[in-house]
Amino acid sequence: MSETSPKLRAVLDGIPTYKPGKPAAAGGPVAYKLSSNENPYPPLPGVLEDVIAAAGNFNRYPDMACTGLMNELANRFGVPVSHLATGTGSVGVAQSLLQATSGPGDEVIYAWRSFEAYPIITRISGATAVEVPLTAGDVHDLDAMADAITERTRLIFVCNPNNPTGTAVRRAELERFLDRVPSDVLVVLDEAYREFVRDEDVPDGIELYRSRPNVAVLRTFSKAYGLAGLRVGFAVAHEPVAAALRKTAVPFGVSQLAQDAAVASLRAEDELLGRVGSLVCERKRVYEALVDQGWTVPDTQANFVWMRLGERTADFAAACEKAGVVVRPFAGEGLRVTIGEDEANDIFLHTAQAFLKEL
Ligand SMILES: Cc1ncc(COP(=O)(O)O)c(C=O)c1O
C-alpha cells in the first residue's frame, strides 16, 4: 500500500476551516448563546407545523427548482422568478457566486474585518483576496474599495450592515461607489441583516439592483426569520448571473423542510417582523447602556453590537462566559455580541459594567 496521500489543491494550504460561534455551555447555571447572530425566538407554531408535515416525506428529494419558494419570493420582492436563486444559506449562494465569477488570476475585493466566510470561500475559488481595511469608525471604506479595482477584479462584496461591526453604508455613498465600479464587475450586496436596519438612509439593495445589472443581493432566512438551522438563503440578480447561480448550486441543496418553512415564514412575516421590532428595541437598550457605561460602540443596524477591545478581548469574552453568556471574540481585535433574550442582554451588560471597573 502506498504511503502517499491523495493530491489536494495547493490553494487549500493555510485556509482556516470556518469557525462557528461557540455553543452555550451545557450544564452551567444559565447559559445563553450570543455568538452566532441567531434569532432567540423559537419557531412560530404555524411554521413548525409546516416543517413537521414536510418531514413525513423526507424519503423523497426536495423540489430542486424550489418552485413554491421562488414564486413566494418573486411576489414578495416584486422581481421575476428568473432573477432568483436559492442555496444552502446565503453563504451557499455566496460560494456559488464565486464559482460563477472567479478563479485563479482573478481578484475579489471585500472590506476587512467583515464576514469571516469571505476569505475562506474566496481562497477556495483560487482567486486572490483583496482586503480593504474598514475606516477608523469601523465602516466600509468605499472610496478605497473602488481604488482597489483592477482589470482582474471579478467580484466585490459589500456587507451591509457589516458583520461583525454592525455599521452600515448609506445610499449616497453606496450609489457613488456603484457608479465607479465597471459594469463587468459583480457587486454583491450581502444583506443578511437587512430586516434589522432602521436608518432610512441605508438603502434596500433590491431597489439598487433593479437598475444595475452588475448588482446582486444576498438575503437569508437564518437571522430575522429564525431559520438558521434549516439552511436557506437566496440571491436576487439579473440574468445571466442568476442563471449561472442555478447552474453552480449544489443539486437539491435546499431541503423541502427549509423550502416549506421559508414559505410559511414569508406568510407569517408580520408576526416575525414584530419580533424583529422587539429585538431592535433591545438593541437600542443595550447600545445606550454600553454608551452610558462609557464604552465606545459603533452605531449598529444589525442584531449585534461590536466592541473594539484590542488586547482585552479574550479576557472580556472569558468574563462573559463565566457570567453565563457566550459571545464572539476576534482575538486582539474586538468582540461581537448578539442581541438575545432580555435576561441574556442583562447578564452581558452587568458583565460589561464590572469589566470596565477593573480596567
Ligand atoms: C454577513 C453575513 N452573510 C451571510 C451569512 C450567512 O448566513 P446563512 O448562510 O445562514 O444564510 C452570515 C451569517 O452569519 C452573515 O453574517
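Cut-off values and rules
Residues numbered from 1 in each chain as written. Predicted model: local features only at pLDDT ≥ 70, side-chain atom pairs only at ≥ 80, totals over all residues. Heavy atoms only, no water. UniProt positions renumbered as here; feature names shortened; annotations may be inferred. Phe/Tyr/Trp six-rings, centres within 6.5 Å; stacked < 30°, edge-to-face > 60°. Helix = DSSP H or I, 4+ residues; strand = E, 2+ residues; numbered from the N terminus. Buried < 20%, exposed > 50% of the residue type's maximum accessible area, 1.4 Å probe, protein only. Lys NZ or Arg CZ within 6 Å of the ring centre and 35° of its normal. Core = buried A, V, L, I, M, F, W, Y, C linked by side-chain atoms within 4.5 Å. Contact = heavy atoms within 4.5 Å. Patch = residues over 30% accessible without salt bridge, like charges linked within 9 Å, V, L, I, M, F, W, Y side chains within 5 Å. Areas by Shrake-Rupley, 256 points an atom, 1.4 Å probe, with all protein chains shown as cover. Salt bridge = Lys/Arg side-chain N within 4 Å of Asp/Glu carboxyl O. Near = heavy atom within 4 Å. Polar contact = N/O pair within 3.5 Å; in protein donor to acceptor, adjacent residues only side chain to side chain. Nonpolar A, V, L, I, M, F, W, Y, C, P; charged D, E, K, R; others polar.

Going by the annotation in an unreviewed UniProt entry, the name recorded for the protein chain is Aromatic amino acid aminotransferase, with Streptomyces albidochromogenes given as the source organism. The record in UniProt for the protein chain states the following under Function (unreviewed entry): "Aminotransferase that catalyzes the conversion of aromatic amino acids and 2-oxoglutarate into corresponding aromatic oxo acids and L-glutamate." Per its UniProt entry, the protein chain bears the Catalytic activity (unreviewed entry) comment "an aromatic L-alpha-amino acid + 2-oxoglutarate = an aromatic oxo-acid + L-glutamate".

A. Fine view of the packing of aromatic side chains. Applying the stated rule across the entire model yields 14 aromatic pairs. Note on phenylalanine 77 and phenylalanine 234: the rings are 5.7 Å apart at their centroids and 40° apart in plane angle, and the pair reads as tilted. Here phenylalanine 77, found in helix H2 (residues 67-77), pairs with phenylalanine 234, found in strand S8 (residues 233-236); they are 157 residues apart in sequence, far enough to count as distant. Phenylalanine 234 sits in the buried class, given a relative accessible area of 3%. Relative to phenylalanine 234, the ring of phenylalanine 221 has its centre 5.9 Å away and its plane inclined at 45°; by these criteria the two rings are tilted. Placement of the pair is phenylalanine 221 in the loop between strand S7 (215-220) and S8 and phenylalanine 234 in strand S8, with a sequence separation of 13 residues. The pair formed by phenylalanine 221 and phenylalanine 234 is uniform in burial state, with each residue classed as buried. One aromatic cluster is present, built from ring pairs that chain together Tyr18, Tyr110, Trp112, Phe115, Tyr118 and Phe157. One residue, arginine 76, lies across the ring of phenylalanine 77, its end atom 4.6 Å from the ring centre.

B. Quick peek at the UniProt feature "domain: Aminotransferase class I/classII large" (unreviewed entry) in the protein chain. Following the UniProt record, the feature "domain: Aminotransferase class I/classII large" (unreviewed entry) maps to residues 33-349 here. With 41% helix and 17% strand, residues 33-349 has its two end C-alpha atoms placed 15 Å apart.

C. Region of interest: the nonpolar core. Residues Val158, Phe177, Phe221, Leu290 and Phe348 are the most contacted members of the largest nonpolar core, which totals 86 residues. Residues in contact with phenylalanine 221, not counting those within four places in the same chain, are Leu69, Leu73, Gly226, Leu227, Ala228, Val232, Phe234, Ala262 and Leu266. Membership of the second largest hydrophobic core comes to 24 residues, among which are Val93, Ala94, Tyr118 and Phe157.

D. Representation of a nonpolar patch on the surface in the model. On the surface, a cluster of nonpolar side chains totalling about 370 Å² of accessible area is made up of Tyr61, Met64 and Phe252. By secondary structure assignment, the location of methionine 64 is in the loop between helix H1 (45-55) and H2.

E. Local environment of the site of the ligand. The immediate surroundings of the ligand are formed by 13 residues, with Ser90, Asp190, Tyr193, Thr220 and Ser222 found nearest. Taking valine 91, its main chain carries an N or O atom lying 3.1 Å from an oxygen atom of the ligand. Here an oxygen atom of the ligand sits 2.8 Å away from a polar atom, N or O, in the side chain of arginine 231. In the complex, 93% of the free accessible area of the ligand, which totals 400 Å², lies under the protein chains. Counting residues per element, the shell around the ligand draws most heavily on helix H3 (residues 89-101), which supplies three residues. Looking at the shell around the ligand, its residues break down into five nonpolar, five polar and three charged.

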